[in-house]
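Understanding the architecture of this molecule
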Amino acid sequence: MKTIELKNALPLSIFSHEMIYSLLEKSISNVNEKISNLVKNGELVRLKKGFYTFSKLYQTKPINLISVANTLYSPSYVSFDYALSYYEMIPERVSEVTSATSKNEKLFDTPIGRFSYKKVSLQAYSLGIDWIYDDIEGGRFIATAEKALCDKIKYDRGIGTLTQTSMIEYLKYDLRIDISIPLNYELIEIIAAAYKSRNLKTLATIVKKGKL
């Protein structure tokens, strides 16, 4: 099987060694050697042990970094700065794909970018997550705008306990948050309770009062 045929059979942004093996095992005697050669020749890009993507030469569309982030380390969902940028709530373009996980923190420096994972409270982990689906990539997980902002505030060490006034200043001048979409204060209240966070309760109050 030629590499372009393999690419057509594997349209995903990230795929496993097992997926490649199942496609090649009927036509090639030593599949592992073939995969190794594809990596050496720069046709396949190894992201971590057992997971790959195709090189730019074979990319017909941008790699879906959310799918990659979900697959590299699971369970996880994209959140924090990358999700805030995704929702256009911060002006900066974020290159590192930031995620939340219920497991230990992790970092992957790959040829297609940096993927970091921060451990969050199990009680709040499953709250405020969107599931995006398409026929090619399948399902992938990203925080809602509310959860991404809550995660960012909760795990921003050193900000202390903020009043409503200082919270507004922190959002506007430190995070440079631009609320272009309506936020659900009730969801923020639920997340705040799960995180047991006074700052997030303050955030919910501000959103409820329409001060952002």
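Residues numbered from 1 in each chain as written. Predicted model: local features only at pLDDT ≥ 70, side-chain atom pairs only at ≥ 80, totals over all residues. Heavy atoms only, no water.

What follows concerns the domain arrangement of the protein chain. For the protein chain, the domain assignment lists domain 1 (3–58) and domain 2 (65–209). Between the C-alpha centres of domain 1 and domain 2 there is a distance of 33 Å. Facing 10 residues of domain 1, the contacting portion of domain 2 comprises 10 residues. Across the domain 1/domain 2 interface, buried area totals approximately 890 Å², and carbon plus sulfur atoms make up 73% of it. It is Ile14, Leu47 and Lys48 in domain 1 that bury the most area against domain 2; as a group they hold 51% of the surface buried on that side. Along the contact surface separating domain 1 from domain 2 lie 0 salt bridges. Counting every contact that joins domain 1 to domain 2 gives 2 residue pairs in polar contact (both at pLDDT 80 or more). Listed by contribution, the elements that provide at least two residues to the side of domain 1 that touches domain 2 are β2 (44–48) and β3 (51–54). Broken down by element, the side of domain 1 that touches domain 2 gets its largest block of residues, 4 residues, from β2. (Domains from an automatic or database assignment. Contact = heavy atoms within 4.5 Å. Buried area = accessible area lost by both parts, 1.4 Å probe. Salt bridge = Lys/Arg side-chain N within 4 Å of Asp/Glu carboxyl O. Polar contact = N/O pair within 3.5 Å; in protein donor to acceptor, adjacent residues only side chain to side chain. Helix = DSSP H or I, 4+ residues; strand = E, 2+ residues; numbered from the N terminus.)

Once that is clear, we can look at the sheet that holds β3. Across a sheet, strands are paired by hydrogen bonds formed along the backbone, either parallel or antiparallel in direction. Taken in spatial order, the 3 strands of this open sheet run β1-β3-β2, and their pairing is antiparallel. Strands at the two margins of the open sheet, each flanked by one partner only, are β1 (15–16) and β2. As paired elements, β2 and β3 share 4 bridges and run antiparallel to each other. Of the residues in β3, the one forming a bridge with Arg46 is Tyr52. (Pairing = 2+ DSSP bridges.)

The next point concerns the layout of surface pockets. Volume-wise, the largest pocket comes out at about 150 Å³. For the largest pocket, the lining is made up of 13 residues, of which Leu12, Ile14, Ser67, Thr71 and Glu137 are closest to its centre. Among the secondary structure elements, those contributing two or more residues to the lining of the largest pocket are β1, α4 (65–72) and β9 (138–143). Considered class by class, the residues forming the lining of the largest pocket number 6 nonpolar, 5 polar and 2 charged. Domain assignment of the residues forming the lining of the largest pocket places at least three in each of domain 1 (3–58) and domain 2 (65–209). (1 Å grid on protein atoms, 1.4 Å probe; cavity = no way out; pocket = protein on both sides within 12 Å on 5 of 7 lines; lining within 4 Å. Points joined across faces, edges and corners; volume = space filled by probe spheres on them. Nonpolar A, V, L, I, M, F, W, Y, C, P; charged D, E, K, R; others polar.)

In this approach a probe as big as a water molecule rolls over the atoms, and the regions it shows empty are the leftover space. A complete count under the given rule lists 1 cavity of 30 Å³ or more for this structure. What lines the largest cavity is Lys7, Pro11, Leu12, Ser13, Thr53, Phe54, Gln59, Lys61, Pro62 and Ile63. For the lining of the largest cavity, a count of residues per class yields 5 nonpolar, 3 polar and 2 charged.

Once that is clear, we can look at the pattern of salt bridges. Close approach of charged atoms lets side chains of opposite charge pair. All told, the structure shown has 5 salt bridges when counted by the stated rule. Residues Lys152 and Asp81 are paired through a salt bridge, measuring 3.2 Å at the closest nitrogen-oxygen approach. Of this pair, Lys152 sits in helix α7 (residues 145–154) while Asp81 sits in helix α5 (residues 80–86); the two residues are 71 residues apart in sequence, bridging distant segments of the chain. For Asp81, a relative accessible area of 26% puts it in the partly exposed group. Between Glu92 and Arg176 there is a salt bridge whose closest N-O contact spans 2.2 Å. Taken as a pair, Glu92 in the loop between α5 and β5 (97–101) and Arg176 in the loop between α8 (164–174) and α9 (185–195) lie far apart in primary sequence, 84 residues in all. The exposure class assigned to Arg176 is partly exposed, which follows from its relative accessible area of 42%. Several salt bridges converge on common partners, so that one network encompasses Glu96, Asp109 and Arg114. (Buried < 20%, exposed > 50% of the residue type's maximum accessible area, 1.4 Å probe, protein only.)

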